[in-house]
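# Architecture at a glance
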Amino acid sequence: SNIERNLYLTLQLLDLEIPTIVALNMMDVVTANGGKIDIKGMEKKLGIPIIPISASKNQGVDDLITRAVQMVRKKEIPEKRDFCSGDVHRAIHSTAHLIEEEARSHEVALKFASIKLIEGDEKMMKELEIQEPEQDIIHHIVDDMEFHCGMDREAALADSRYQYIEKLCSELVVKP
């Protein structure tokens with residue numbers, strides 16, 4: 001009923017680089033009302049498996065469980081995709097380049113760590129033991145992103161994700 005909001009959460013989960021699968025629930029309702037979702041296209045764009053289900057009718061649930069178990073056993077992580085563009089893209093990748101060694105040594109997903117640092121997450125800053133010179137560079141990167149985007153860091157990150165989601169849905173989702 002609200003695929004955009006749920007795709008937002010999906011994009012956040014993908015940043016964690018952990019096995020991820022999407023259960024696209026209520027597909028029976030979508031198709032019955034004349035809607036359509038290009039599941040194969042969405043799988044390709046997101047780089048993860050998407051299983052259409054109808055939980056209330058127990059349709060597709062066995063497929064979902066089987067695929068999820070396979071993914072966990074094989075430790076399949078999502079294919080890397082870039083969901084951001086422009087100044088947000090530059091900020092995330094500049095920060096990632098700066099903290100790559102720290103993220104690897106602390107076994108933290110690089111993109112996730114970069115985004116958390118851009119958000120100003122002090123806990124991540126301490127966990128990765130980011131030193132003052134690097135902190136200053138990150139602050140400069142964030143200031144530059146905010147200036148060019150014309151919005152604060154949280155809004156810029158959210159806007160970037162929603163732009164991607166809007167484009168994805170316009171290409172792959174026909175709402176009833």
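Residues numbered from 1 in each chain as written. Predicted model: local features only at pLDDT ≥ 70, side-chain atom pairs only at ≥ 80, totals over all residues. Heavy atoms only, no water.

## What to know about the packing of helix H6 (residues 110-118) against helix H9 (residues 153-172)
Note the cut-off: For helices, the axis comes from a line fit to the C-alpha atoms of the stretch in contact; other axes are also lines fit to C-alpha atoms, and the angle between any two N-to-C directions lies between 0 and 180 degrees. Where helices and strands are cited, they refer to DSSP runs of H or I of at least four residues and of E of at least two residues respectively, numbered from the N terminus. Any angle that is under 35 degrees is reported as roughly parallel, and any over 145 degrees as roughly antiparallel; angles of 65 to 115 degrees are reported as roughly perpendicular and all others as oblique. By definition, residues are in contact when any of their heavy atoms lie within 4.5 Å. Amino acids outside the nonpolar list (Ala, Val, Leu, Ile, Met, Phe, Trp, Tyr, Cys, Pro) and the charged list (Asp, Glu, Lys, Arg) are all regarded as polar, and Gly is one of them.
Between H6 and H9, the shortest axis-to-axis distance is 9 Å and the interhelical angle comes to 140°. When the interaxial angle is binned, H6 and H9 end up oblique. Taking contact as the criterion, the partners of Ile 115, Leu 117 and Ile 118 in H6 are, on H9, Arg 153, Leu 157 and Arg 161. Split by residue class, the contact of H6 with H9 holds four nonpolar, no polar and two charged.

## Regarding unusual backbone geometry
Of all residues except glycine, most have a negative phi; of all peptide bonds, most are trans. Despite not being glycine, Met 26 shows a phi value in the positive range, around 65°. If you trace the backbone, Met 26 turns up in the loop between strand E1 (22-24) and helix H2 (27-32). In this structure, Glu 129 is a non-glycine residue whose phi angle is positive, near 55°. Position of Glu 129 among the secondary structure elements: in the loop between helix H7 (122-127) and helix H8 (132-149).

## Considerations on the packing of aromatic side chains
Convention followed: Centres within 6.5 Å are what make two rings of Phe, Tyr or Trp a pair, Trp counting through its six-membered ring; a difference in plane orientation under 30 degrees is then read as stacked, over 60 as edge-to-face, and the rest as tilted. Burial classes: relative accessible area under 20% of the type maximum marks a residue as buried, over 50% as exposed, and values in between as partly exposed (1.4 Å probe, protein chains only).
Under the definition given, this model contains two aromatic pairs. With a centroid separation of 4.6 Å and 25° between ring planes, the pair formed by Tyr 8 and Tyr 162 is classed as stacked. With Tyr 8 in helix H1 (residues 3-14) and Tyr 162 in helix H9, this residue pair connects regions lying 154 residues apart in the sequence. For Tyr 8, a relative accessible area of 15% translates into the label buried. Here the aromatic rings of Phe 83 and Tyr 164 are separated by 4.9 Å at their centres, their planes lie at 70°, and the arrangement is edge-to-face. Note that Phe 83 is positioned in the loop between helix H4 (61-74) and helix H5 (86-105) and Tyr 164 in helix H9, a separation of 81 residues in sequence. Summarising the burial analysis for this pair, Phe 83 and Tyr 164 share the class buried.

## Focus: the nonpolar core
Applicable threshold: Only buried Ala, Val, Leu, Ile, Met, Phe, Trp, Tyr and Cys residues count toward a nonpolar core, and they belong to the same one when joined by side-chain atoms within 4.5 Å.
If you look at the biggest cluster of nonpolar residues, it comprises 21 residues, and the most contacted ones within it are Ile 3, Leu 7, Ile 37, Met 42 and Leu 46. For this core, the secondary structure elements donating two or more residues are H1, E1, helix H3 (39-46) and H9. When neighbours within four sequence positions are excluded, Ile 3 is seen to be in contact with Leu 24, Ile 37, Met 42, Cys 169, Val 173 and Lys 175. Listed in part, the 20 residues of the second largest apolar core include Val 88, Ile 92, Ala 113 and Met 124.

## Observations concerning the layout of surface pockets
To keep things clear, this is the line we draw: Cavity means a closed set of points on a 1 Å grid over the protein atoms alone, one where a 1.4 Å probe fits but cannot get out, pocket means an open set with protein on both sides within 12 Å along at least 5 of 7 lines, and lining means a residue has an atom within 4 Å of a point. Grid points are joined across faces, edges and corners, and a volume is the space filled by probe spheres set on the points.
If you add up the space inside the second largest pocket, you get close to 300 Å³. Asp 15, Glu 17, Lys 80, Arg 81 and Lys 111 are the residues nearest the centre of the second largest pocket, which is lined by 15 residues in total. Secondary structure elements with two or more residues in the lining of the second largest pocket: H5 and H6. Take the lining of the second largest pocket: its biggest share by element is three residues, from H5. Its residues placed into classes, the lining of the second largest pocket shows seven nonpolar, one polar and seven charged.

## Considerations on the confidence of the model for the protein chain
Using the following cut-off: Each residue carries a pLDDT score, the predictor's confidence in it, ranging from 0 to 100.
For the protein chain, the mean per-residue pLDDT works out to 93, and 99% of the residues sit at or above 70. Element-level mean pLDDT values for the protein chain span from 85 in H2 up to 97 in H8.

## Focus: the pattern of salt bridges
Cut-off, in case you're wondering: When a carboxyl oxygen of Asp or Glu is within 4 Å of a side-chain nitrogen of Lys or Arg, the pair counts as a salt bridge.
Scanning the entire structure with this criterion turns up 16 salt bridges. Salt-bridge contacts for Glu 4 lead to Lys 175; the nearest nitrogen and oxygen are separated by 3.1 Å. Of this pair, Glu 4 sits in helix H1 while Lys 175 sits in the segment after strand E4 (173-174), and the two are 171 residues apart along the sequence. The class of Glu 4 is partly exposed, set by a relative accessible area of 22%. Of the residues examined, Lys 175 reaches a relative accessible area of 48% and is grouped as partly exposed. With its nearest N and O atoms 3.9 Å apart, the salt bridge here joins Asp 82 to Lys 111. With Asp 82 in the loop between H4 and H5 and Lys 111 in helix H6, this residue pair connects regions lying 29 residues apart in the sequence. A single salt-bridge network, built from bridges that share partners, covers Asp 15, Asp 82, Lys 111 and Arg 161.

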